[in-house]
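Chain by chain, the residues run as shown.
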Amino acid sequence: MPTCEHKLSGSKEKIWLPYYFEGRERGLKPHSYCTKCGLIKNLSSERPRSIGYFMNLIADLGQRHKIAKTQVRLIALEMERLNMDDSFGMDRQQQEDLFVDITVKILNLPPRAVSELLI
């Protein structure tokens, strides 16, 4: 996915969409969007994490399981390819789900072994 340097729409150009707080729908709220790619800005209460957070989780996994440097690099490249650090259009739950999928696929571990680190 090519990265976009998001340019926010003006305050008069916002789109009214449902928003969620603590996992529950809380009505409608004006959402900004990127005028270049059209992606709507995430307004959820769960702010996304940085790639560094997930790389630290991989280091924790490395203490429990044998992980080669090549596998760590493959995971990092896949996270970058999927643009996991785009805080504009991705929330924390989506990031965590992607991280578990990527890690399970590359390390051949059970999903439970990876998802227990996210708690």
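Scroll up to find the structure.
First, a word on what this report is: a plain description of the structure on this page. (Residues numbered from 1 in each chain as written. Predicted model: local features only at pLDDT ≥ 70, side-chain atom pairs only at ≥ 80, totals over all residues. Heavy atoms only, no water.)

1. Comments concerning the state of the cysteines
Next, step 1: Summed over all chains, the structure comprises zero disulfides.
Next, step 2: The thiol sulfur of C34 is not disulfide-bonded, and the nearest other cysteine sulfur, from C37, lies at 3.6 Å.
Next, step 3: The partly exposed category is assigned to C37, whose relative accessible area is 43%. (Disulfide = S-S within 2.5 Å. Buried < 20%, exposed > 50% of the residue type's maximum accessible area, 1.4 Å probe, protein only.)

2. Topic: helix 2 (residues 69-81)
Next, step 1: For helix 2, spanning 13 residues, the distance from its first C-alpha to its last is 18 Å, which sits close to the expected 18 Å at 1.5 Å a residue.
Next, step 2: Residues I75, A76, E78 and M79 constitute the buried set of helix 2. Mapping the buried residues of helix 2 onto a view down its axis gives an arc of 165 degrees, with all of them on the same face. In helix 2, the exposed residues that point more than 90 degrees away from the buried face are K69, T70, R73 and E80.
Next, step 3: On its buried face, helix 2 is in contact with helix 1 (51-64) and helix 3 (92-107).
Next, step 4: Within two residues after helix 2, N83 carries a phi angle of roughly 60 degrees, on the positive side. (Helix = DSSP H or I, 4+ residues; strand = E, 2+ residues; numbered from the N terminus. Expected span 1.5 Å × (residues − 1). Arc of directions from axis to C-beta. Contact = heavy atoms within 4.5 Å.)

3. Some details on the pattern of salt bridges
Next, step 1: Considering all chains together, one arrives at three salt bridges under this definition.
Next, step 2: In this structure, R81 and E78 form a salt bridge, with 2.7 Å as the shortest nitrogen-oxygen distance. Of this pair, R81 and E78 are both found in helix 2, three residues apart, which corresponds to roughly one turn of the helix.
Next, step 3: According to the relative accessible area criterion, R81 is partly exposed, its value standing at 45%.
Next, step 4: Note that E78 and K105 form a salt bridge whose closest N and O atoms lie 3.8 Å from each other. Highlighted residues: E78 in helix 2 and K105 in helix 3, separated in sequence by 27 residues.
Next, step 5: Overall, E78 belongs to the buried group, its relative accessible area being 15%.
Next, step 6: Each of E78, R81 and K105 takes part in salt bridges that share partners, so that together they form one network. (Salt bridge = Lys/Arg side-chain N within 4 Å of Asp/Glu carboxyl O.)

4. Some words on a positive patch on the surface
Next, step 1: A cluster of basic residues, K14, K29, K41 and R47, forms a positive patch on the protein surface.
Next, step 2: Locating K41 in the fold gives a position in the loop between strand 2 (24-31) and helix 1.
Next, step 3: Look at K41 and you get partly exposed, because its relative accessible area is 31%. (Patch = residues over 30% accessible without salt bridge, like charges linked within 9 Å, V, L, I, M, F, W, Y side chains within 5 Å. Areas by Shrake-Rupley, 256 points an atom, 1.4 Å probe, with all protein chains shown as cover. Lys, Arg positive; Asp, Glu negative; His and termini not counted. Charge placed at Lys NZ, Arg CZ, Asp CG, Glu CD.)

5. A few points about unusual backbone geometry
Glycine aside, residues mostly have negative phi, and peptide bonds are mostly found in the trans state.
Next, step 1: In this structure, N83 is a non-glycine residue whose phi angle is positive, near 60 degrees.
Next, step 2: Topologically, N83 is positioned in the loop between helix 2 and helix 3.
Next, step 3: Judged by its relative accessible area of 10%, N83 is buried.
Next, step 4: Positive phi is not limited to glycine here, since N108 has a value of about 55 degrees.
Next, step 5: Here N108 lies in the loop between helix 3 and helix 4 (111-115).
Next, step 6: Note on N108: relative accessible area 70%, which makes it exposed.

None of this, on its own, says anything about what the molecule does.
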